[in-house]
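Here's the letter readout for the chains.
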Amino acid sequence: MDSYKYRPEPYRIKMVEPLVIPTRAQREEAIKRAGYNTFLLSSEDVYIDLLTDSGTNAMSDNQWAGLMLGDEAYAGSKNFKHLEEAVRDLYGFKYVVPTHQGRGAENILSKIMIKPGDIVPGNMYFTTTRAHQELAGATFRDVIVDEAHDPDNEHPFKGNVDLNKLQALIDEVGPERIPYVCMAVTVNMAGGQPVSMENLRAVRELTSRYGIKVMFDATRCAENACFIKHREPGYKDKGIREILREMFSYGDGCTMSGKKDGIVNIGGFLAMNDHELYQKATALVVVYEGMPSYGGMAGRDMEGLARGLYEAADYGYLAHRLDQVKYLGDRLIEAGIPVVRPIGGHAVFLNARKFYPHIPQDQFPAQMLAAQIYIESGVRSMERGIVSAGRDEHGNNRHPKLELVRLTIPRRVYTYAHLDVVVDGVKAAWENRNNVKGLRFVYEPPVLRFFTSRFEPIE
Ligand code: PLI
């Protein structure tokens with residue numbers, strides 16, 4: 001592979017979706033209409049859509065073939081059995097509860113495990129995960145290593161839990177107030193950063209002394225496994241499936257958004273080993289999602305997910321995936337653009353603080369940077385900074401150290417030529433950085449505000 005300029009695609013294109021490139025005038029009009037929130041742009045107004053890697057993946061011919069085999073029975077669908085077998089085989093968990101997507105699983109997990117007043121430690125927050133923990137009455141506590149909050153730190157496993165922080169929290173609040181540790185692999189908000197096997201083992205060892213459970217957020221677990229293979233001593237010659245099984249052997253269950261490392265457009269699940277917990281989950285899934293054998297998914301979608309989980313555990317696919325993301329990151333680094341390092345698994349994150357040091361965080365520099373990149377190039381990205389972090393229990397803005405814009409790469413969708421266009425768009429925004437002003441809210445919803453809030457420039 002060394003003789004190639006970059007690792008070529010391990011697939012070929014069988015169907016295409018034509019794209020239109022809006023003019024600059026159209027883009028300026030569209031972002032104004034969207035209240036400077038890229039979530040509110042019409043898809044038709046976007047050329048290259050790097051808003052998210054969630055549900056935006058291209059399924060394989062094998063997955064599409066699986067859709068035709070959908071068993072749409074209300075109960076006992078054979079596709080559910082396939083999904084259950086895939087999760088047992090790949091992840092090693094005994095019980096599987098399908099949900100419409102990841103946050104459906106987070107809702108059920110939070111409701112069955114958390115009691116009001118509990119504390120849930122995690123390796124950095126994720127928006128929907130924390131929202132469900134808080135709605136169930138818990139407080140989230142970040143126990144990730146300090147390196148994760150430093151965009152320039154090159155630590156190979158910036159998703160790791162700081163064992164001292166976790167120990168201090170257990171000492172402070174007592175193990176009975178900690179229903180589980182939420183272990184995300186990889187850590188989205190830190191930049192798609194992985195957790196090492198050594199750290200997973202150590203967290204398991206520490207928590208088991210106190211009878212505290214470990215629940216994974218498995219959303220990007222295959223990418224995490226590939227980073228372990230590439231970076232962790234002793235794992236170079238191990239297969240992805242073997243690594244996945246070992247990772248999950250250090251936990252009691254997981255929530256999963258199938259829309260990422262399930263390589264589908266919709267779906268998710270909750271999985272666990274404990275039968276009593278499983279029974280509690282099935283009692284709730286019928287209220288919020290559907291029968292325990294479909295949980296908000298069509299039979300065909302469960303089949304696509306079952307097949308996608310296997311495809312995501314293929315090393316050839318994963319190596320290309322991580323290389324494609326790194327290609328974008330490396331071109332930006334070469335151009336002198338400030339990005340979070342090391343380059344993560346699903347996205348390249350731009351450091352908006354360094355783009356706009358003249359814009360205070362309360363004037364939403366990353367939100368504005370995402371808008372500027374869209375204006376320059378028709379590329380849609382996403383704010384991951386103060387807007388995403390929301391407000392605390394006193395109604396004050398949370399001020400995360402990381403003020404980032406995420407360029408997220410959907411799986412098997414864009415080519416290296418597309419990524420070159422993205423590089424040019426970001427470069428144009430960088431060159432124009434001194435002329436850009438901040439934003440203020442025109443509308444702000446109470447929960448998960450980044451999805452639907454609207455802004456205007458401060459003149
Ligand atoms: O979007 P859902 O409900 O299928 O999954 C929620 C979710 C849970 N955990 C993590 C780490 C995520 O990244 C996640 C969703 N992420 C989105 C939508 C994203 O754009 O990153």
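Below is a summary of the structure that appears in this document. Note that the structure is predicted; figures quoted are calculated from it, not measured. (Residues numbered from 1 in each chain as written. Predicted model: local features only at pLDDT ≥ 70, side-chain atom pairs only at ≥ 80, totals over all residues. Heavy atoms only, no water.)

### Some words on helix α3 (residues 78–90)
- Between the first and last C-alpha of α3 there are 18 Å, a value that for 13 residues agrees with the 18 Å anticipated at 1.5 Å per step.
- By the burial criterion, the buried members of α3 are N79, F80, L83, E84, A86, V87 and L90. Projection of α3 onto a plane perpendicular to its axis shows the buried side chains occupying an angular sector of 160 degrees, all on one side.
- Where the residues of α3 are buried, they touch β2 (95–99), α9 (240–249), β8 (268–272) and α11 (299–312).
- Two to three positions downstream of the cap, the backbone nitrogen of N79 sits 3.1 Å from a side-chain oxygen, assigning the N-cap of α3 to S77.
- Positive backbone phi, approximately 90 degrees, marks G92, located one or two places after α3. (Helix = DSSP H or I, 4+ residues; strand = E, 2+ residues; numbered from the N terminus. Expected span 1.5 Å × (residues − 1). Buried < 20%, exposed > 50% of the residue type's maximum accessible area, 1.4 Å probe, protein only. Arc of directions from axis to C-beta. Contact = heavy atoms within 4.5 Å. Polar contact = N/O pair within 3.5 Å; in protein donor to acceptor, adjacent residues only side chain to side chain.)

### What to know about the pairing of strand β7 (residues 253–257)
- For β7, the tally of buried residues reaches five of five residues, placing the bulk of the element in the interior.
- Burial along β7 is two-sided: G253, T255 and S257 facing one way and C254 and M256 facing the other are all buried.
- Where strand β6 (residues 213–217) meets β7, three bridges bridge the pair, whose relative direction is parallel. By the bridge assignment for β7, D217 is matched with T255.
- Note: β7 against β8, five bridges, orientation antiparallel. From the neighbouring strand, C254 faces β8, where its bridge partner is A271. (Pairing = 2+ DSSP bridges.)

### A closer look at the packing of aromatic side chains
- For the structure shown, the criterion picks out 17 aromatic pairs.
- Considering the side-chain rings of Y6 and Y327, the 5.3 Å spacing of their centres and the 85 degrees angle between planes classify their relative orientation as edge-to-face. Separated by 321 residues along the polypeptide, Y6 in the segment before α1 (24–33) and Y327 in helix α12 (residues 315–334) bring together distant segments of the chain.
- For Y327, a relative accessible area of 8% translates into the label buried. (Phe/Tyr/Trp six-rings, centres within 6.5 Å; stacked < 30°, edge-to-face > 60°.)

### A short note on the nonpolar core
- Judged by nonpolar contacts, the single largest core of 61 residues is most densely connected at Y91, L200, F216, L244, M247, F269 and L309.
- Sorting elements by how many residues they give to this core places helix α8 (residues 221–231) first, with six residues.
- Within the second largest apolar cluster, 52 residues are counted, among which are L350, Y356, Y414 and L439. (Core = buried A, V, L, I, M, F, W, Y, C linked by side-chain atoms within 4.5 Å.)

### Focus: the environment of S381
- Examined against the element boundaries, S381 turns out to sit in the loop between β10 (379–380) and β11 (382–384).
- On the accessibility criterion, S381 (0% relative accessible area) is buried.
- It is 8.2 Å that separates the C-alpha atoms of S381 and A371, two residues lying 10 residues apart in sequence.
- Not counting residues within four places of it along the chain, the set of residues in contact with S381 comprises T38, L50, L51, A370, I373, V405, R406 and L407.

### Structural notes on the site of the ligand
- In the region of the ligand, 17 residues are neighbours, and T52, R103, D217, S257 and K260 sit closest.
- A distance of 2.9 Å is found between an oxygen atom of the ligand and a side-chain nitrogen or oxygen belonging to R220.
- One of the side-chain N or O atoms of K260 is found 3.0 Å from a nitrogen atom in the ligand.
- Contact with the protein chains removes 95% of the 460 Å² of surface that the ligand exposes when unbound.
- The biggest single contributor to the shell around the ligand is helix α4 (residues 102–113), with three residues. (Near = heavy atom within 4 Å. Areas by Shrake-Rupley, 256 points an atom, 1.4 Å probe, with all protein chains shown as cover.)

### Structural notes on the pattern of salt bridges
- By the definition in use, this model includes 33 salt bridges.
- Taking the shortest distance from any N to any O, the salt bridge between R7 and D323 comes out at 3.0 Å. One end of the pair, R7, is in the segment before α1; the other, D323, is in helix α12, and 316 residues separate them in sequence.
- Under the relative-accessibility criterion, R7 is labelled partly exposed at 23%.
- When the shortest N-O distance is used, the salt bridge between E134 and R130 registers 3.8 Å. Separated by four residues within a single helix, E134 and R130 lie in helix α5 (residues 127–135), roughly one turn from each other.
- Judged by its relative accessible area of 34%, E134 falls in the partly exposed class. (Salt bridge = Lys/Arg side-chain N within 4 Å of Asp/Glu carboxyl O.)

### Side note on the sheet that holds strand β9 (residues 347–351)
- Strand order in the open sheet formed by three strands is β9-β12-β11, with antiparallel pairing between adjacent strands. If you trace the sheet from one side to the other, it starts and ends with β9 and β11, each paired once. Taking the axes of each pair of neighbouring strands and ignoring which way they run, one obtains an average angle of 35 degrees across the sheet.
- Of the strand pairs in this sheet, β11 and strand β12 (residues 404–408) are connected by three bridges, and their pairing is antiparallel. (Axes fitted to C-alpha atoms, helices over the stretch in contact; angles between N-to-C directions.)

Keep in mind that these numbers describe shape and distance, not what the molecule does.
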